[in-house]
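Inside the fold
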Amino acid sequence: MAVAVRCYVGLGSNLRGPVEQVERALDAMARAPALRLLARSRLYRSRPMGPADQPDYINAVALFETALAPLDLLDELQAQEARQGRVRGKVRWGPRTLDLDLLLYGDRTIHSPRLCVPHPGMYERNFVLYPLYELSPDLMLPDKTRLSELLKVCRPEGLEPLERRGM
Ligand code: ROI
């Protein structure tokens, strides 16, 4: 078996019960034979990035270990989006039922037609950086940028951790 790699996945939803969408995806990924869930952040409510006339999002970040190759992991994430009936309007940056974004795949940098890692949007998105910091405050990105440095210039405006629901 290939060596296991640590991967971070960003989760986001703002349609059809966003909290349940994100929790359901986390449960499914925790059960997926090819993935081992190591840690997950709290849920965060975030103001939409993109058109403002859409509901707030629920976001979280999860840390996995997997032996899947990057594109196989992407297939796995997209299959889960589809299982949860991914709905996405025609508007660019419009609302969606579930987004599973591969943020980091070990310390690899990947530019392929289907996949860019690190996720190009993650550097300035508070709804990615803050949950990521919760999981791995000492994280260094493949280009040697420290997560803590990115956070210094990333305001938490519009971002709010949700209380954890009872177990
Ligand atoms: N905005 C927020 N707050 N959270 C998201 O997960 C999110 N995802 C997106 C766009 C439309 C860019 N905006 C978002 O894909």
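Cut-offs and rules
Residues numbered from 1 in each chain as written. Predicted model: local features only at pLDDT ≥ 70, side-chain atom pairs only at ≥ 80, totals over all residues. Heavy atoms only, no water. Salt bridge = Lys/Arg side-chain N within 4 Å of Asp/Glu carboxyl O. Buried < 20%, exposed > 50% of the residue type's maximum accessible area, 1.4 Å probe, protein only. Core = buried A, V, L, I, M, F, W, Y, C linked by side-chain atoms within 4.5 Å. Helix = DSSP H or I, 4+ residues; strand = E, 2+ residues; numbered from the N terminus. Contact = heavy atoms within 4.5 Å. Near = heavy atom within 4 Å. Polar contact = N/O pair within 3.5 Å; in protein donor to acceptor, adjacent residues only side chain to side chain. Areas by Shrake-Rupley, 256 points an atom, 1.4 Å probe, with all protein chains shown as cover. Nonpolar A, V, L, I, M, F, W, Y, C, P; charged D, E, K, R; others polar. Phe/Tyr/Trp six-rings, centres within 6.5 Å; stacked < 30°, edge-to-face > 60°. Lys NZ or Arg CZ within 6 Å of the ring centre and 35° of its normal. Expected span 1.5 Å × (residues − 1). Pairing = 2+ DSSP bridges.

Some details on the pattern of salt bridges
Under the counting rule described, the total for this entry stands at nine salt bridges. For R86, the salt bridge goes to E81, with nearest N and O atoms at 3.0 Å. On the basis of relative accessibility, which here comes to 24%, the residue R86 falls in the partly exposed class. Judged by relative accessible area, E81 falls into the buried class, the value being 8%.

Examining the nonpolar core
Counting 28 residues, the largest nonpolar core has L11, M29, L73, L100 and L102 as the members making the most contacts within it. For this core, the secondary-structure elements that each account for two or more residues are β1 (5-13), α1 (18-31), β4 (57-66), α2 (70-83) and β5 (99-105). Per-element tally for this core: the top contributor is α1, with five residues. With sequence-adjacent residues up to four places away left out, L73 is seen in contact with C7, L35, T66, L68, L102 and Y105.

A word on the site of the ligand
For the ligand, the full set of nearby residues is G12, S46, R47, P48, M49, Y57, N59, W93, R96, D99 and F127. In this structure, M49 approaches the ligand through a main-chain N or O atom, which is 2.8 Å from a nitrogen atom. Between R96 and the ligand, the recorded distance is 3.0 Å, taken from a side-chain N or O atom to an oxygen atom. In isolation the ligand has 350 Å² of accessible area, and contact with the protein removes 95% of it. Considering only residue class, the shell around the ligand consists of five nonpolar, three polar and three charged.

Side note on the packing of aromatic side chains
Applying the stated criterion across every chain yields a total of zero aromatic pairs. Stacked on the ring of W93, the Lys or Arg R92 has its end atom at 4.7 Å from the ring centre. The ring of W93 carries R125 above its face, with NZ or CZ at 5.7 Å from the centroid.

So, α1
Turn by turn, an α-helix covers 3.6 residues, leaving residues three or four places apart pointing in a common direction. With 14 residues, α1 extends 20 Å between its outermost C-alpha atoms, agreeing within 8% with the 20 Å of an ideal straight helix rising 1.5 Å per residue. Within the sequence span of α1, burial applies to V19, Q21, V22, E23, A25, L26, A28 and M29. Taken together, the buried residues of α1 touch β1, β2 (35-40), β4, α2 and β5.

A closer look at the side chain of T66
Within the fold, T66 resides in strand β4. Engagement of the side chain of T66 in a polar contact is seen with the backbone oxygen of A34, the distance being 2.8 Å. Each residue touching T66, except ones within four places of it in the same chain, is listed here: V3, A4, V5, C7, A34, L35 and L73.

A word on the pairing of β5
For β5, a buried count of six out of seven residues is recorded, marking the element as mostly surrounded by other parts of the structure. Across six bridges, the pairing between β1 and β5 is antiparallel. In the sheet register, C7 faces β5, and the bridge partner there is Y105.

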